[in-house]
Amino acid sequence: MLNKKQIRFCLDTMERMFPDAECELVHENPFELVIAVLLSAQCTDVLVNKVTKSLFAKYKKPEDYLEVTLEELEQDIRSIGLYRSKAKNIRKLCQVLLEQYDGEVPNTIEELEKLAGVGRKTANVVASVAFGVPAIAVDTHVERVSKRLGICRWKDSVLEVEKTLMKKVPEEEWSDTHHRMIFFGRYHCKARNPECPECPLLVICREGQKRMRKEEKERQV
DNA sequence: CTCCCGATAT
DNA sequence: ATATCAGGAG
């Protein structure tokens, strides 16, 4: 596990690598953001943006999603995976927004998490990006990067990873850190071919060093 | 835990 | 061919 100084080194290095990291889901308001993040489960941002471009042109308000049939909505988001459950969740979510929140998106993590298709991670993203609530959403990238670097333990659950990050990162840096870790995971410390040889964090990364040793060993065979 | 699931990179 | 992608619900 990394100590305080090493974690500081990680945060500073990621800031240098990705100074402008921010939410890459294209949206113009909190409602569009909720839909976009809900759609982004197990799917790349690039594809989500491709779909929401036409989707948001057709559906502006919660009412719009309820005026078409479920099948039509499914077809409009079909190129995204998991489209049947996502279409159902969007409709449930829109119903609740209209019935309980006057058509507006709630601005607390607790309220957001109650919405259909909105779990811990999505609630954190929306609260943080749309409403400036300090939060660290732990997605696949944040989890992988935290575990590889040794910020948390391999066996930790996503909730434990989130708790650890909130404890070890100053609150005023939560939002930026969250986005930088995603960029770091998406473009550098990738799931498949992490760029360990050129990684400025290799000096403190046990997983990276392990991978380098393994590569060296295979080269000798 | 399993299921949902198409697009893309490797 | 297979792993992976800003996960969540049952």
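Residues numbered from 1 in each chain as written. Chains lettered and ligands numbered in written order. Predicted model: local features only at pLDDT ≥ 70, side-chain atom pairs only at ≥ 80, totals over all residues. Heavy atoms only, no water.

A. Region of the structure containing the overall build of chain A. Counting its regular elements, chain A contains twelve helices and zero strands. Of the regular secondary structure in chain A, the N- to C-terminal order runs α-α-α-α-α-α-α-α-α-α-α-α. If you line up chain A on its principal axes, its C-alpha atoms span 60 × 40 × 30 Å. Relative to its full complement of 221 residues, chain A shows a buried share of 46%. Of the contacts made within chain A by residues no fewer than 6 positions apart, 60% connect residues no fewer than 24 positions apart. Total accessible area on chain A stands at roughly 12,300 Å², and carbon and sulfur atoms take up 49% of it. Positive and negative side-chain charges in chain A, numbering 37 and 36 respectively, have mean positions lying 9 Å apart. (Helix = DSSP H or I, 4+ residues; strand = E, 2+ residues; numbered from the N terminus. Buried < 20%, exposed > 50% of the residue type's maximum accessible area, 1.4 Å probe, protein only. Contact = heavy atoms within 4.5 Å. Areas by Shrake-Rupley, 256 points an atom, 1.4 Å probe, with all protein chains shown as cover. Lys, Arg positive; Asp, Glu negative; His and termini not counted. Charge placed at Lys NZ, Arg CZ, Asp CG, Glu CD.)

B. Layout of the layout of surface pockets. Taken as a whole, the largest pocket spans an internal volume of roughly 780 Å³. Along the walls of the largest pocket sit 30 residues, with S40, C43, K121, D139 and T140 positioned nearest its centre. Of all the elements in the fold, those that place two or more residues in the lining of the largest pocket are α2 (30–39), α3 (45–58), α8 (120–131), α9 (140–149) and α11 (174–187). Considering each element in turn, the lining of the largest pocket owes the most residues, six residues, to α11. Grouping the amino acids of the lining of the largest pocket by side-chain chemistry returns twelve nonpolar, eleven polar and seven charged. The two domains that each donate at least three residues to the lining of the largest pocket are domain 1 (4–20 + 137–220) and domain 2 (30–131). (1 Å grid on protein atoms, 1.4 Å probe; cavity = no way out; pocket = protein on both sides within 12 Å on 5 of 7 lines; lining within 4 Å. Points joined across faces, edges and corners; volume = space filled by probe spheres on them. Nonpolar A, V, L, I, M, F, W, Y, C, P; charged D, E, K, R; others polar. Domains from an automatic or database assignment.)

C. Fine view of the nonpolar core. If you look at the biggest cluster of nonpolar residues, it comprises 37 residues, and the most contacted ones within it are L55, Y65 and L93. When residues of this core are traced back to their parent elements, those giving at least two are α2, α3, α6 (83–100), α7 (109–114) and α8. The leading source of residues in this core is α2, at eight residues. Counting 29 residues, the second largest nonpolar core, distinct from the first, contains C152, W174, M181 and F184. (Core = buried A, V, L, I, M, F, W, Y, C linked by side-chain atoms within 4.5 Å.)

What is shown is where atoms sit, not what they do.
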